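What follows is the residue order along each chain.
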Amino acid sequence: MRAPEKLLRSIANAPNDRPGDQQGPDWLISHHPVAYPDALAFMEARVAAIHAGEAPEAIWLLEHPPLYTAGTSADPRDLLDQRFPVHQTGRGGQYTYHGPGQRVVYVMLDLKRRQPDLRAYVHQLEDWVIAALAQFNVTGERRDGRVGIWVQRAPLLDGRPREDKIAAIGVRVRRWVTYHGIAVNVEPELDHFAGIVPCGIREHGVTSLVDLGLPVSLPDLDLALQQTFDAVFAGYHAPADEI
């Protein structure tokens, strides 16, 4: 795996108004699709280093080659067509597709030094995706009993409301350091989702920013994510190396 590059926070015009020398997490990016086992190995090593105080927190922006991941709640009946490799993972959730055109964001934060509350952290991830989508005038919404972020679409022909999923969320925590994270559909091949029941939800579909008619690129979304991160994840405590 090619080592991810470090992004300069200045490209997001993000303010650095934290007291003293406290900094936010490293922002890392991989410009080529990363194999899932390589990504998992990188995250596990970084999580261990964060816990040991040997590395700063990190936000890693990447893509994967086409694949499916199975969370701890995955139902084998929801794997409809094993057209791509399936990777078992310790994150929460069910089956998820990853592939080119989807921005995967692996979030490695030290909750013990921030807020040791897993439910609050997941809520922050949701808020972050919603805030980033709002930069493109897209209204992302939560749904009770349905993980992820959803957008309303034009009603079906019979008048029933229609909504599609635009972002998935799946997390894991080890010694209060988070990993895995979010996946936002920018311009993936939406028919690749047909091999699974995404997140076990049969009655709703999936969409992307481009599917919604927006000419948004991965760098556009990266910038939106950087610009909205600080407002959502307030209360930094973990110092990081200067970027």
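Quick look at the structure, then. Everything quoted here is computed from the prediction, not taken from an experiment. (Residues numbered from 1 in each chain as written. Predicted model: local features only at pLDDT ≥ 70, side-chain atom pairs only at ≥ 80, totals over all residues. Heavy atoms only, no water.)

### Observations regarding the overall build of the protein
No. 1: Helix and strand counts for the protein stand at three helices and 12 strands.
No. 2: Counting only residues that meet the buried cut, the protein has 50% of its 243 residues in that class.
No. 3: For the protein, the computed accessible surface area is about 11400 Å², with 50% contributed by carbon and sulfur atoms. (Helix = DSSP H or I, 4+ residues; strand = E, 2+ residues; numbered from the N terminus. Buried < 20%, exposed > 50% of the residue type's maximum accessible area, 1.4 Å probe, protein only. Areas by Shrake-Rupley, 256 points an atom, 1.4 Å probe, with all protein chains shown as cover.)

### Some details on the environment of Val-197
No. 1: As for its placement among the helices and strands, Val-197 is situated in the loop between β11 (177–185) and β12 (205–206).
No. 2: Distance from Val-197 to Tyr-95, taken between C-alpha atoms, is 6.9 Å for residues 102 residues apart in sequence.
No. 3: If sequence neighbours within four positions are ignored, Val-197 has contacts with Asp-78, Leu-80, Tyr-95 and Arg-202. (Contact = heavy atoms within 4.5 Å.)

### Observations concerning the side chain of His-192
No. 1: Relative to the helices and strands, His-192 is located in the loop between β11 and β12.
No. 2: For His-192, a relative accessible area of 17% gives the class buried.
No. 3: Each residue touching His-192, except ones within four places of it in the same chain, is listed here: Pro-66, Tyr-68, Arg-83, Phe-84 and Tyr-97.

### As for the pattern of salt bridges
No. 1: Scanning the entire structure with this criterion turns up 14 salt bridges.
No. 2: Close ionic contact of Arg-77 with Asp-75 constitutes a salt bridge, the shortest N to O distance being 2.7 Å.
No. 3: When the shortest N-O distance is used, the salt bridge between Arg-83 and Asp-81 registers 3.4 Å.
No. 4: The network of salt bridges with common partners includes Glu-141, Arg-143, Arg-146 and Glu-163. (Salt bridge = Lys/Arg side-chain N within 4 Å of Asp/Glu carboxyl O.)

### A short note on the sheet that holds strand β4 (residues 67–70)
No. 1: If you walk across this open sheet you meet the three strands as β5-β4-β6, and the pairing is mixed. The open sheet has two edge strands, β5 (86–88) and β6 (95–98), and neither has a second partner. Across this sheet, the average inter-strand angle for adjacent strands is 30°, counted without regard to direction.
No. 2: As paired strands, β4 and β5 are joined by three bridges and run parallel to one another. Residue Tyr-68 lies in a different strand from β5, and its bridge partner there is Val-86. (Pairing = 2+ DSSP bridges. Axes fitted to C-alpha atoms, helices over the stretch in contact; angles between N-to-C directions.)

### What to know about the side chain of Thr-178
No. 1: Examined against the element boundaries, Thr-178 turns out to sit in strand β11.
No. 2: Classification of Thr-178 by relative accessible area gives buried; the value is 0%.
No. 3: At 3.4 Å, the side chain of Thr-178 forms a polar contact with the side chain of Tyr-121.
No. 4: Setting aside residues up to four positions removed in sequence, Thr-178 forms contacts with Val-47, Val-107, Met-108, Leu-109, Leu-111, Tyr-121, Arg-172 and Val-173. (Polar contact = N/O pair within 3.5 Å; in protein donor to acceptor, adjacent residues only side chain to side chain.)

### Re helix α3 (residues 218–232)
No. 1: Along its 15 residues, α3 runs 21 Å from first to last C-alpha, staying within 8% of the 21 Å computed at 1.5 Å per residue.
No. 2: Taken as a whole, α3 has its buried residues at Leu-218, Leu-221, Asp-222, Ala-224, Leu-225, Gln-226, Thr-228, Phe-229, Asp-230 and Val-232.
No. 3: Elements in contact with the buried residues of α3: β1 (5–7), β2 (26–29), β3 (58–62), β7 (102–108), α2 (118–134) and β11. (Expected span 1.5 Å × (residues − 1).)

### A word on the packing of aromatic side chains
No. 1: Evaluated as defined, the whole model comprises 12 aromatic pairs.
No. 2: Considering the side-chain rings of Phe-229 and Phe-233, the 4.6 Å spacing of their centres and the 20° angle between planes classify their relative orientation as stacked.
No. 3: You can call Phe-229 buried: its relative accessible area is 0%.
No. 4: A relative accessible area of 1% means that Phe-233 is categorised as buried. (Phe/Tyr/Trp six-rings, centres within 6.5 Å; stacked < 30°, edge-to-face > 60°.)

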